[in-house]
Amino acid sequence: MSSPIVTRRGAQQAKIQTRAMAMKSSSNSTATAASSSSSGAIKSSSVGAELPKRSETLLEAKRRARNMLKNQGNPPAMQETVTDIFQTAVKSRPLVRGETALVYHQSMEQHCCRWDPKHLECPDRFNRVLDRCNELKLLDRCLPVSARLATKQEILRLHTAQHFELLEQTSEVCDDQSMEELSSRFDSIYIHPSTFQCSLLASGSTIDLVDSIITGKAQNGMAIIRPPGHHAMKAEFNGYCFFNNLERILILDYDVHHGQGTQRFFYNDPRVLYFSIHRFEHGAFWPHLQESDYHAIGEGPGLGFNFNVPLNETGMGDGDYMAIFQQLLLPVAMEYQPELIIVSAGYDAALGCPEGEMQVTPAFYAHLLNPLLRLADSRVAVVLEGGYCLESLAEGAALTMRTLLGDPCPVLVEPLLPPKRSMSKSILNCIFAHRPYWRCLQLQGTYDPSELKTKDRNRDLHIVERAWVGGPPPVTVYPTRDTSVQHLIPVAVVADNTARLHRLRLETILTVPAVRVCYAYNPEMMEHRNLDDLGHPEQPKRIQFIHKMHEDYQLLGRMKQLSARAATTDEICLAHSRSHVNTMRRVLGRDKEDLQAQAATYNSVYLHPATFGCATLAAGSVLQAVDSVLRGESRSAICNVRPPGHHAEPDQPHGFCIFNNVAIAAQYAIREFGLKRVLILDWDVHHGNGTQHIFESNPKVLYISVHRYENGTFFPKGPDGNYDVVGKHAGAGFNVNIPWNKKGMGDLEYALAFQQIVMPIAYEFQPELVLVSAGFDAAIGDPLGGCKVSPEGYGLFTHWLSALAGGRIVVCLEGGYNVNSISYAMTMCTKTLLGDPVPTPQLGVVALTRPPTTAFQSCLETLQCCVEVQRQYWKSLEFVGYRLPHGYQIGENNNEDFLAASLLKLNISSDDAQGAAGGPTDGDQADPGQERPSDSKPKVKVKPPNHSTAAPEEMFAIPPSKTCPHMRMLRPELVPQSINTRAPCGECISRSENWMCLSCHYIGCGRYVGRHMQRHCEALEHTLVMRLQDHAVWCYVCGVYLDNPRLFEYKNRAHQDKYGRPLAWRYPCAKRADGCYPLDPESDSEEEADHIANGSYLQEAQ
């Protein structure tokens, strides 16, 4: 039962009152206290008798404090409530694994391209997915959700009536010629007589799937639907999609194409975190939008809630996607605390897909989904999007459904390769853009831009840069036939991909034991106790309370009960010396005094006549669990055993531990089952010195310990637990210490450690068995640990670890000395392994609204130190140690002009008028929207800056200035004959964001790269520069963009170089052969133009 709610402010007031009353009464007992202190130490049993008056006063003060709390009149809205620390775990008691919902309708296969039978978005995509799911017997395990048509009202929530009515008019129209002509007006679209009905069916089915999850009818679910939806936009069709299928959602989109439709719906909405991973190639890949790059981070209230992770080369594989999840998505998602997750599940990044040309293996989609299943209180909906290799699409989608149903992630057949360098750059760019808005993205250090000038600059300085290549010029009529890119893939590549997919399918093991969890426990282990101190923290009721709570939560009947056995001497000697075993055996039958004398020779150990029997029973029980898991009888195991073991050294007991249960189990698994890779994850708050010493030279065992260290002053003390202790000889790099140097670490800090270090290393190691030294003394409420990990936090960490080794995980009790804390914590671990929806830890939501705590700052320092050391051994950490530039950030005015054009918040018409753009504060500006030739930019209706009169759908932009006094320096004869728009920076050879000085034609990079153009102009007092990628002209002195006929020839030469055709004339004045124009482009004065032409202008300017 939870404790009454009190307020923090009220509690503080009560404490002040209590102390004041106690101090007032202490004056009456000063003489007694002085007498007591002069007579030496007084036994605790007599203190109460000496000071009865003070005790009564304290009791009275507490009574008055409680009454004051009841009568306090502070407004509830001003108070922060403190509730039962186990309230969330208590609420999870009735929660059991729910159904996985599935929605589809066979009529969706009707939607097809009547004039192009080879079109990639074909009915076979839908049928092959269902066939593979049926082959794996997954459909029968799901809760069917009836498909239905979405109503017009539902569609109009996100789309215009014109959009709806246009598609409605095509229903049942069989005139292929007119339908093909209509389809040609839109990018990558075909329309079939059934398209309207199928689109309504896909939208309505998705809405009902989400509703079934939100209302609790299902725990999670999947929609196998078509046509897809994440490209659909408010007033047009786009990219095979007609209605956006996503509503009331938090979205992860890993379709290989950017879901610009979804992004635009929610770009200024902080209620929606949109996270897209897509092929970009600096804009060369469809849909060719600058808004698809990493710097598009949202606007207004949604600033920081839009994530784009651009893939700038093909061939990205499992390791690249894993890095995105671990370094970016999962930390942000945990901090965001979503209430619902919807995955736009495109499988066109899968191996063999001709559209994506990526190499994500089908089995890896299970690993991508798995960590999300314990966020949002397990409410996850997966909606099928793209994927055009039928083999990888069917396998990836089927394994996704299998994961939703609670089956363990399959063991990856191929090793996980480290992320590519371009992937690392994209991740670091995203972190840089978003770190002002997310506390979890502070791991990377920073550097001052001046460090880039040094010749011996550190190679770990990440330079934030953007490059834009863009796609082909826009067209008014889109192709409708022969749009497949399959023929562009070399035959040899197709053959290799096909063979690889076949091999992966054969070698991926999908069989799993029917028993989810086995349970090791025997009450005889309670006989080991401290005869001299019955209140000793390591007491028998630790395992008794855990067992009782498992019974109360009705978990025992859902697990296989293992019979206990004692470990043999030979088995114990796998990790300990025989002399140590014999010494412990000799405690049998010895009297109390002898046992105390022997225990005094060890560090923090007590002995009992039953110690040896209990210790061998604990070790043997863990071996029973290992047998059950590795023989395929159970998927996982819970070992409720004592005495604990991770402090026990090879030759002596230590720190409450007699034999090292987990170390024995690891050696046993290696010897008896031939395992080559065993992971031991130790989250006990104390460093497992014994386990580390046993395996420090053994590369077959990866030991990772997350523990409180306090610079070597926390038990077991000494330098062995520091981050720089990495193992010896062949075991170098296989010992990973994550030492906390401050108390107070909680769910947030531990989660960061897991995603930034533990899981990347573990995935790279690819263990065949995971053993968890599950000490719960870092749990909130523990008397020794001083940390704040919640029971549900332990459940989350267990879930993440269960993705490894095919789900073969053994959780073994170590420390933890608050019997309530350890009971709830172990129960949450068990419920997690049983597949129950354990509540998502809150990760300090209230704390995130305040300045970072000392503990959090110390956590970042520890993680940085660990990464710096371990990156020498683990390639998955290689890029994490890069530092990011300090002193500037991407703010709310990111890409004003692309927002204006591409987010449809201005009135736009497709003619050849020049678009407007806002100017930056120093020399560089975010780029315009969708790249197009300079003579075909959208016309932008610019409103005056009066927010009170602006319509809701409009936003403001600053028009380019028509004139500038510095243009007097421009002479038509000084225009170069040609301009190379691909020329590198003259200083750093960068081709990103380059500009040309109009005075001397020097090429230099912009402020987001090296600022070489700005420095050049400051040094030489040149003022006018032109950006090579879009031909925008900027004046450094006036701080404005310029659009004047005098600039035409510069822009024309650049345009000819980039697009191969001259730039169209679009100024109100007549075009002159001599290129001389007045400063005012709307002036009819020929006198000023002639004045320029005869050369006197130059003298005047000088």
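Residues numbered from 1 in each chain as written. Predicted model: local features only at pLDDT ≥ 70, side-chain atom pairs only at ≥ 80, totals over all residues. Heavy atoms only, no water.

Ordered in space as S13-S12-S14-S19-S18-S15-S16-S17, the eight strands form an open sheet in which the pairing is parallel. This sheet does not close on itself; its edge strands, each paired only once, are strand S13 (560-562) and strand S17 (735-740). Strand after strand, the sheet turns through a mean of 15 degrees between neighbouring axes, direction not considered. Alignment of strand S18 (residues 769-774) against strand S19 (residues 809-813), held across five bridges, turns out to be parallel. Note that in S19 the partner of leucine 771 across the bridge is valine 810. (Pairing = 2+ DSSP bridges. Helix = DSSP H or I, 4+ residues; strand = E, 2+ residues; numbered from the N terminus. Axes fitted to C-alpha atoms, helices over the stretch in contact; angles between N-to-C directions.)

Quick look at the environment of asparagine 497 now. Inspection of the secondary structure assignment puts asparagine 497 in helix H16 (residues 491-507). Residue class for asparagine 497 comes out buried when judged on its relative accessible area of 18%. Separated by 144 residues in sequence, asparagine 497 and cysteine 353 have C-alpha atoms that sit 9.1 Å apart. (Buried < 20%, exposed > 50% of the residue type's maximum accessible area, 1.4 Å probe, protein only.)

Before going further, it helps to examine the environment of phenylalanine 265. With respect to the element layout, phenylalanine 265 can be found in helix H11 (residues 260-265). Considering only alpha carbons, one finds phenylalanine 265 and histidine 159, 106 residues apart in sequence, at a separation of 9.7 Å.

His1012, Met1013, Gln1014, His1016 and Cys1017 are the residues of helix H29 (residues 1012-1020) that are buried. Along its buried surface, H29 packs onto strand S23 (994-997), strand S24 (1003-1005) and strand S25 (1024-1027). Looking one or two residues beyond H29, the residue adopting positive phi is glutamate 1021, at roughly 60 degrees. (Contact = heavy atoms within 4.5 Å.)

Before going further, it helps to spend a moment on helix H12 (residues 318-336). Relative to the 27 Å expected for 19 residues at 1.5 Å per residue, H12 spans 25 Å between its end C-alpha atoms, a close match to the ideal helical length. Approximately 40 degrees is the largest bend angle found in H12, and it occurs at phenylalanine 325. Among the 19 residues of H12, 19 are classified as buried, and the element is accordingly described as predominantly covered. One or two positions beyond H12, positive phi appears at glutamine 337, with a value near 55 degrees. (Expected span 1.5 Å × (residues − 1). Bend = angle between axes of the 7 residues up to and from the residue.)

With that settled, the discussion passes to the sheet that holds strand S27 (residues 1040-1042). In space, the five strands of this open sheet follow the order S24-S23-S25-S26-S27, with antiparallel pairing throughout. Looking at the sheet topology across the chains shown, the edges are occupied by S24 and S27. Adjacent strand axes in the sheet meet at a mean angle of 35 degrees when their direction is disregarded. As defined by bridge partners, S25 adjoins strand S26 (residues 1033-1035) across three bridges and the pair is classed as antiparallel.

Here the focus is the pairing of strand S5 (residues 220-223). Side chains Asn220 and Met222 project from S5 onto one buried face, and the interleaved Gly221 and Ala223 project onto a second face that is buried too. Relative to S5, strand S3 (residues 100-103) runs parallel, the two being bridged by four bridges. The partner of leucine 102 across the bridge, within S5, is methionine 222. When S5 meets strand S10 (residues 380-384), the two strands line up parallel, connected through four bridges. If you follow methionine 222 over to S10, its bridge partner there is valine 382.

One way to put it is that helix H21 (residues 611-630) packs onto helix H22 (residues 661-673) with a least axis distance of 9 Å and a crossing angle of 40 degrees. Here H21 lies oblique to H22, going by the angle between them. Where H21 crosses over H22, the two elements pack in a sense that is right-handed. Of the residues in H22, those touching H21 at Ala615, Ala618, Ala619, Val622, Leu623, Val626, Asp627 and Leu630 are Asn661, Ile664, Ala665, Tyr668, Ala669 and Phe673. Here the contact of H21 with H22 is built from residues that sort into twelve nonpolar, one polar and one charged. (Parallel < 35°, antiparallel > 145°, perpendicular 65-115°, else oblique. Left-handed = near helix turned anticlockwise from the far one by under 90°. Nonpolar A, V, L, I, M, F, W, Y, C, P; charged D, E, K, R; others polar.)

Before going further, it helps to examine the packing of helix H6 (residues 123-135) against helix H14 (residues 390-404). At a minimum axis distance of 8 Å, the contact between H6 and H14 shows a crossing angle of 50 degrees. Between H6 and H14, the interaxial angle falls into the category oblique. When you trace H6 past H14, the crossing you get is right-handed. The segment H6 lies against H14, with Asp124, Arg125, Arg128, Val129, Arg132 and Cys133 engaging Leu390, Glu391, Leu393, Ala394, Glu395, Ala397, Ala398 and Met401.

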